[in-house]
Every structure is written in C-alpha cells, then in structure tokens.
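Listed below, chain by chain, are the residues.
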Amino acid sequence: MDFGKTLKQIREARHLKQSDIASGLLSRTSISKIANNKQHPTYDSALELIANVGVTPSEFEYIRNGYRYPEKQLIVHKFTSLIRSPQFSDNSALYSLCDTYLDSKKDLDVYHIKTILAAIYEFERGHYPAAKEQASVVWQSLKKIDTWTKFDLFLLNNILYFFDLDTAVSIAQMALQAIDTNYPHLLRLKSALIENCSLLLITNNDFPQAKLWIEKGIPLYKELFQFDSLNTAYAFLALCEQDFSTAEKYRDILQQMGDPSGAQDVTKEIERIRSLEI
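Predicted model, so just to flag it, every value in this text is computed and none were measured.

If you tally the helices and strands in the protein, you get 16 helices and 0 strands. The principal-axis extents of the C-alpha atoms in the protein amount to approximately 80 × 40 × 35 Å. Within the span of the protein, comprising 278 residues, buried residues form 42% of the whole. Within the protein, residue pairs in contact and separated by at least 24 positions form 60% of the contacts whose partners lie at least 6 positions apart. In the form shown here, the protein has an accessible surface area of approximately 14,700 Å², with 50% of it arising from carbon and sulfur atoms.

Written out as structure tokens, the structure is:
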C-alpha cells in the first residue's frame, strides 16, 4: 500500500478530518492529493503527517505493509527484543531468517545480527576463541563509529560476554554514556547493560566492582518494575558478601516468579563461589 492510502486508512479509522492532520502544515487540497497518490510529501512533512494521525513511523510501516513487519524490520525487531543474554536454541529461527535474507541482499545490520547469533552458538558449545572471533567482527565495525545509533547499542549489549573483562566493562561504560547522552529513553537497554556487566564481574570474581554495578542497577529495576532483574540483583549482591542463604532465598523467588533462566544463573554462581572456599 502506498503512503497516501495508508495515511487515509489510519485517518479514517481514527475518525480524523483532513483539516485535523493538516495542522497548518499542508492544505486540505494537498492532503487529498497525497491520499490519491497525486502528490508526494517531503520527508519532514511525511513524518509530521504520521505523527498527526497518532502513530509512530514504525507503526505506520507495519500498517502499510499489511500489518506485517517488512522482512528486515522483522529481523531487527526480533533481535532488539533479546534484551537479556539470549540462547541460540531460542533464536535458531532468527538465524535462519538472517541467512535467507542475506542470500538475496547485502545488509550490514542483518549480517551483524547473524554474526552475533553465530558467536552465541559457538560460546554455548565452549568454543570460546571462535565465539570471540565472531564478536570481534562486529566490534571492529562499531568501534570506528563516532556516534552509535540505537541499533548499534543493542548490538553492543549482545557482545559483552565474548571479551575479556576489562574490554567488556569498557564497552558497557561507553554504551551507557551514549544512552545517557543521546537516548535517555532507552531505560530497558540501560538496565540490561548494567545487569549483564554485573554478571560478568561476578563470574570473574571481581566482587567489589560487581557490587558497584549492582547498586547502580537496583533503582532502575525498581523504576521499570523489573522484578526479575531486581531479585537477581539482590541475589548477586548477597553473593558479593558470600551470603549464600540470602542468595538462595532470592533464587527461590525467581523460580516462583517463573524466571527459571534467572534462577539458573544464580544457582550456577552459588555453586561456583561456594567451590572457591574449598
């Protein structure tokens, strides 16, 4: 469906008049011409018209495409939904989508997604050098960029685990600074970066630094009502003090909340840190 027909469909569905969306931007005659594909708005005018019918550009494209995401947008949408550390078994279908898409098109964004999923696959099988090599391909591309986009930041969140601790923490700090400066609304991504970095520090036995990162995340988890992340944070905070009974209490809460993955992460660290005392 073309731009004008989509605009008209949304306007009529919302019981808006042509004058309601013109708002001094264009004449009613121009709105009519756009609806009938006899005039094409400028990019800026198109964005304002989309806003005036009460949808986002992403929602407009979704409707325009027959209430389906365009192929690349679907891939990006599925990938950016992987806020917490993903598992390849849960995303093999996404890998296949990337593979199929890249068979007929060249696209750096989709290539980066596929590369990260391949790194996750290698990492889960204990092939750590191969996983780091895959993730490094993405990092070598991103580190040349002066200002990261939102999508770049989602990529960064998913490659932290493949680097040594100092590099991972440095990447996380730069990503958080970019969010605070340019994308302060990306609070869920910010919380994911903090949570992932906290886990990395704990698994590397850097408990003082882990404690600082966890304490940084707790107010954010509360603000976002992320009770799974909040209980994980309390469990990890207890582990920083080798308080295993408290960690087990929050682990059990995670299990009762229906977060077996979070509970498993806590259990794994309880067992590992206990073994350090032997």
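Let's shift gears to the layout of surface pockets. Within this model, the second largest pocket holds a volume of roughly 400 Å³. Lining the second largest pocket are 15 residues; nearest its centre among them are S58, V76, H77, T80 and K150. Breaking the lining of the second largest pocket down by element, the ones donating at least two residues are α5 (57-64), α6 (71-80) and α10 (150-157). Per-element accounting of the lining of the second largest pocket gives the leading share, 4 residues, to α6. Across the lining of the second largest pocket, the residue classes tally to 6 nonpolar, 7 polar and 2 charged.

With that settled, consider the nonpolar core. Residues F79, L153 and L156 are the most contacted members of the largest nonpolar core, which totals 70 residues. Per element, the largest residue contribution to this core is 9 residues, and it comes from helix α11 (residues 165-182). Within the second largest apolar cluster, 14 residues are counted, among which are F3, I31, L49 and V53.

The subject of this paragraph is the packing of aromatic side chains. Inspection of the entire model under this criterion finds 8 aromatic pairs. By the ring-pair criterion, three or more aromatic residues cluster together here, those being F123, Y128 and F162. When the ring centre of Y121 is taken as reference, the NZ or CZ atom of R125 above it lies at 3.7 Å. Directly above the aromatic system of W213 lies the positively charged group of K216, at a separation of 4.1 Å from the ring centroid.

Along the chain, the position of M257 falls in helix α15 (residues 244-257). Each residue touching M257, except ones within four places of it in the same chain, is listed here: F227, D228 and N231.

Analysis parameters
- Residues numbered from 1 in each chain as written.
- Predicted model: local features only at pLDDT ≥ 70, side-chain atom pairs only at ≥ 80, totals over all residues.
- Heavy atoms only, no water.
- Helix = DSSP H or I, 4+ residues; strand = E, 2+ residues; numbered from the N terminus.
- Buried < 20%, exposed > 50% of the residue type's maximum accessible area, 1.4 Å probe, protein only.
- Contact = heavy atoms within 4.5 Å.
- Areas by Shrake-Rupley, 256 points an atom, 1.4 Å probe, with all protein chains shown as cover.
- 1 Å grid on protein atoms, 1.4 Å probe; cavity = no way out; pocket = protein on both sides within 12 Å on 5 of 7 lines; lining within 4 Å.
- Points joined across faces, edges and corners; volume = space filled by probe spheres on them.
- Nonpolar A, V, L, I, M, F, W, Y, C, P; charged D, E, K, R; others polar.
- Core = buried A, V, L, I, M, F, W, Y, C linked by side-chain atoms within 4.5 Å.
- Phe/Tyr/Trp six-rings, centres within 6.5 Å; stacked < 30°, edge-to-face > 60°.
- Lys NZ or Arg CZ within 6 Å of the ring centre and 35° of its normal.

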